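# Chain and residue survey
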Amino acid sequence: MPRWGMVIDLKRCVGCNACTIACKQEHGTPPDIHFARVVTREVGTYPHAKRTFLPLLCNHCEDAPCERVCPTGATYIRPDGIVMVDADKCIGCRACAVACPYLNRHFIEPGLLQAGYGGNGDLTPFESLKFAAFQEGTMTKCTFCAHRVDQGLEPACVVTCPTEARIFGDLDDPDGRLSRLIEERKGWTLLPECGTKPCVYYLDE
Amino acid sequence: MQAHASIPIAEHRFQFGYYRQVWWGWLIGSAFFFGEVGAGLFLVSLWTGDLVGMTLGYAIVMVGKNGAHLLYLGRPARFWRAARRPDRSWIARGIWATGIFGASGFLWLLSQWGDYRLWTGGPATIIFWMAALSALFIMFYDGFVMSASPSIPFWHIGLLPLLCLTYAALGGVTLSLTVGELLGRADATHQSALMWGESLLLVINLLLLAVYLWLMWHRNETARETVRLLLQGRYARFFVGLVVLVGLIATLLLSLAHTQLAVRWLMIVIAACELTGDFTLLMVLLKSGLYAPQAAPVFLPSRNRRRS
């Protein structure tokens with residue numbers, strides 16, 4: 001059984017947000033819910049100023065605090081390491097959202113799906129189709145595109161990235177591309193002090 | 001609000017900076033408040049034998065706390081599912097404690113009000129202790145709910161459940177004193193002990209708050225930023241003004257005055273001050289919670305670059 005993970009090469013990321021849009025298209029997430037996003041920061045001062053980008057998504061942590069605090073078991077970790085939410089079990093207590101140090105949990109406010117992007121309840125066929133997968137009053141999150149991964153495909157954000165900054169693969173494969181990149185380029189994770197053991201690594205060397 | 005060390009408080013998730021805790025607001029704050037104060041009043045009244053206080057405390061927990069929780073849930077009809085994982089989740093443990101409190105507290109109140117002797121001896125003792133221990137659990141478990149995760153450094157400390165417990169005890173003592181005075185059925189011995197306890201708890205809470213802030217100031221940059229928000233930033237007038245000055249210092253001075261003057265209406269003022277401070281503390285704790293900024297370690301000088 002693989003343990004899925006991702007490596008994001010910050011030297012390649014140009015902050016185009018194509019991953020953000022690809023994720024939106026793939027999942028059809030409701031308004032203001034972004035499973036993938038790119039945080040932008042301006043560093044330095046003129047003439048040495050530059051913009052830096054940090055693509056973010058659920059880290060599918062090995063020791064996921066969102067899973068630990070969930071009182072219903074709605075949040076669970078698949079054998080391949082993907083952290084999922086069973087909306088049928090979720091009560092919308094938002095404990096997982098509070099517990100996630102990476103802010104990658106999203107609450108679907110009551111009325112959000114009915115209002116749609118237009119805000120007037122006049123849903124497009126795309127919205128009607130995609131929103132059927134969500135439940136109001138429950139939590140949702142990045143699934144590492146589990147439905148694609150199960151078919152042998154890569155997540156939408158990985159396929160879309162024009163600079164190939166995202167690499168998806170098996171973290172448990174010692175000879176795999178992920179393991180080699182992490183080893184050779186000193187991959188690091190976000191907020192290691194939280195002890196969550198994320199499966200998304202970053203490279204900047 | 002300008003943050004320290006050029007790290008701003010982010011206004012949205014695409015922006016770099018500290019992120020505010022936005023999920024738990026006034027409904028969860030109210031639920032915690034009603035749970036702490038109601039369970040505190042029930043427990044204190046159990047000790048003093050004040051049936052009215054016990055009933056009021058029970059009602060505050062069952063209606064106020066549970067009502068606020070249900071109003072908050074995205075799917076309230078599924079609330080029972082929250083009891084499924086008491087082995088891992090503090091929320092689940094809280095549901096169990098509240099359920100046990102609801103059942104045993106009801107039976108105890110029924111036996112006391114009706115003067116029933118259906119259960120005496122062993123069963124009565126068991127019901128009494130189940131009600132007392134579950135009330136005690138409700139007084140502090142919300143501190144564990146908040147401190148369980150490392151995501152918000154300001155909450156992730158073992159002192160928080162203790163602070164919840166002492167504040168719950170303070171709220172319980174205050175309400176018990178108020179109920180006793182208003183109904184004119186206060187037992188002199190108990191009232192004297194409770195007044196002494198009130199003053200002691202006010203001092204303890206003041207010290208605990210000071211220790212809490214000191215520990216957080218020295219913890220890390222994110223926790224320190226929260227301390228700044230509480231002492232200088234947007235929550236300073238609530239924390240310093242309502243929590244410390246009104247909720248602790250003014251309450252302490254009025255309590256001392258009350259022992260000399262013994263004016264009935266003064267107890268209502270004391271209760272209003274103390275409960276205002278109690279509720280405000282929970283709200284500012286929830287509102288001022290900050291998540292650490294997410295960025296490449298090279299942009300965060302205070303964080304050591306390390307592999308995980």
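Residues numbered from 1 in each chain as written. Chains lettered and ligands numbered in written order. Predicted model: local features only at pLDDT ≥ 70, side-chain atom pairs only at ≥ 80, totals over all residues. Heavy atoms only, no water.

### Quick notes on the state of the cysteines
Counted under the stated rule, the structure contains 0 disulfides over all chains. Free of any disulfide, Cys93 of chain A has its nearest cysteine sulfur in Cys96 of chain A, 6.3 Å distant. (Disulfide = S-S within 2.5 Å.)

### Details of the packing of aromatic side chains
All names here are of chain B. Counted according to the given criterion, the structure contains 18 aromatic pairs over all chains. Ring centres of Tyr58 and Phe101 lie 5.5 Å apart, and the angle between their planes is 35 degrees; on these two criteria the pair is classed as tilted. Of this pair, Tyr58 sits in helix α2 (residues 51-72) while Phe101 sits in helix α3 (residues 90-113); the two residues are 43 residues apart in sequence, bridging distant segments of the chain. Using a relative accessible area of 15% as the deciding quantity, one classes Tyr58 as buried. (Phe/Tyr/Trp six-rings, centres within 6.5 Å; stacked < 30°, edge-to-face > 60°. Helix = DSSP H or I, 4+ residues; strand = E, 2+ residues; numbered from the N terminus. Buried < 20%, exposed > 50% of the residue type's maximum accessible area, 1.4 Å probe, protein only.)

### Description of helix α7 (residues 221-231) of chain B
Residue and element names in this part refer to chain B. Judged by how many residues are buried, α7 sits mostly within the fold: 8 of 11 residues are covered. All of the buried residues along α7 are Thr222, Ala223, Glu225, Thr226, Val227, Arg228, Leu229 and Leu230. Those residues of α7 that are buried lie in contact with α6 (188-217), α8 (236-261), α9 (264-287) and β2 (290-291). The opening residue of α7 is Asn220, an N-cap whose side-chain oxygen sits 3.2 Å from the backbone nitrogen of Thr222. (Contact = heavy atoms within 4.5 Å. Polar contact = N/O pair within 3.5 Å; in protein donor to acceptor, adjacent residues only side chain to side chain.)

### Comments concerning the environment of Tyr141 of chain B
Residues and elements named next belong to chain B. Looking at the element boundaries, Tyr141 is found in helix α4 (residues 122-147). According to the relative accessible area criterion, Tyr141 is buried, its value standing at 5%. It is 18 Å that separates the C-alpha atoms of Tyr141 and Phe79, two residues lying 62 residues apart in sequence.

### Focus: the pairing of strand β9 (residues 200-203) of chain A
All names here are of chain A. Residues Val200 and Tyr202 of β9 are buried on one face, and the alternating residues Tyr201 and Leu203, pointing to the opposite face, are buried as well. Bridge count for strand β1 (residues 4-9) against β9 is 4 bridges, and the pairing is parallel. If you follow Ile8 over to β9, its bridge partner there is Tyr202. (Pairing = 2+ DSSP bridges.)

### Structural notes on the confidence of the model for chain B
Residues and elements named next belong to chain B. For chain B, the mean per-residue pLDDT works out to 90, and 92% of the residues sit at or above 70. Note that residues 301-308 has pLDDT below 50 and, in this model, 22 contacts with residues that lie over four places away or in other chains. Confidence metrics for the complex model read pTM 0.91 and ipTM 0.91. (pLDDT = per-residue confidence, 0-100.)

### With respect to the packing of helix α1 (residues 26-48) of chain B against helix α5 (residues 159-183) of chain B
Residues and elements named next belong to chain B. Between α1 and α5, whose axes approach to 7 Å, the crossing angle comes to 60 degrees. Classified by the interaxial angle, the pair formed by α1 and α5 is oblique. Once α1 is placed against α5, the crossing between them reads as right-handed. Contact residues: Glu36, Val37, Gly40, Leu41, Val44, Ser45 and Thr48 in α1; Cys164, Tyr167, Ala168, Gly171, Gly172, Val173, Leu175 and Ser176 in α5. (Axes fitted to C-alpha atoms, helices over the stretch in contact; angles between N-to-C directions. Parallel < 35°, antiparallel > 145°, perpendicular 65-115°, else oblique. Left-handed = near helix turned anticlockwise from the far one by under 90°.)

### Things to note about the interface of chain A and chain B
Tallying the contact residues gives 60 residues for chain A and 44 residues for chain B. Overall, the association of chain A and chain B removes approximately 4400 Å² of surface from exposure, summing both partners, and the carbon and sulfur fraction of that is 55%. Applying the counting criterion to the chain A and chain B interface returns 2 salt bridges. For Arg88 of chain B, the salt bridge identified is with Glu67 of chain A, shortest N-O distance 3.1 Å. Between chain A and chain B we count 26 residue pairs in polar contact (both at pLDDT 80 or more) in total. Of all elements in the fold, only β2 (37-43), β3 (50-56), α2 (65-69), α3 (95-99), β6 (105-107) and α8 (177-184) of chain A reach the threshold of two or more residues within the side of chain A that touches chain B. In terms of residue count, β2 of chain A provides more of the side of chain A that touches chain B than any other element does, 6 residues in total. (Buried area = accessible area lost by both parts, 1.4 Å probe. Salt bridge = Lys/Arg side-chain N within 4 Å of Asp/Glu carboxyl O.)

### Observations concerning the sheet that holds β1 of chain A
Residue and element names in this part refer to chain A. Ordered by their spatial adjacency, 3 strands build an open sheet running β8-β1-β9, and the pairing between neighbours is mixed. Only two strands of the sheet have a single partner each, and these edge strands are β8 (166-170) and β9. Across this sheet, the average inter-strand angle for adjacent strands is 25 degrees, counted without regard to direction. Where α8 meets the sheet, its contacts fall on β1, β8 and β9, and the angle it forms with β8 comes to roughly 120 degrees.

### Topic: the pattern of salt bridges
Applying the stated criterion to the full structure yields 13 salt bridges over all chains. Close ionic contact of Glu67 of chain A with Arg85 of chain B constitutes a salt bridge, the shortest N to O distance being 3.5 Å. Taken together, the residues span two chains, with Glu67 of chain A in helix α2 and Arg85 of chain B in the loop between α2 and α3. The buried category is assigned to Glu67 of chain A, whose relative accessible area is 13%. With a closest N to O distance of 2.6 Å, Asp80 of chain A and Arg78 of chain A form a salt bridge. By the burial criterion, Asp80 of chain A is buried, and Arg78 of chain A matches it. Connected via shared salt-bridge partners are Arg3, Glu62 and Asp172 of chain A.

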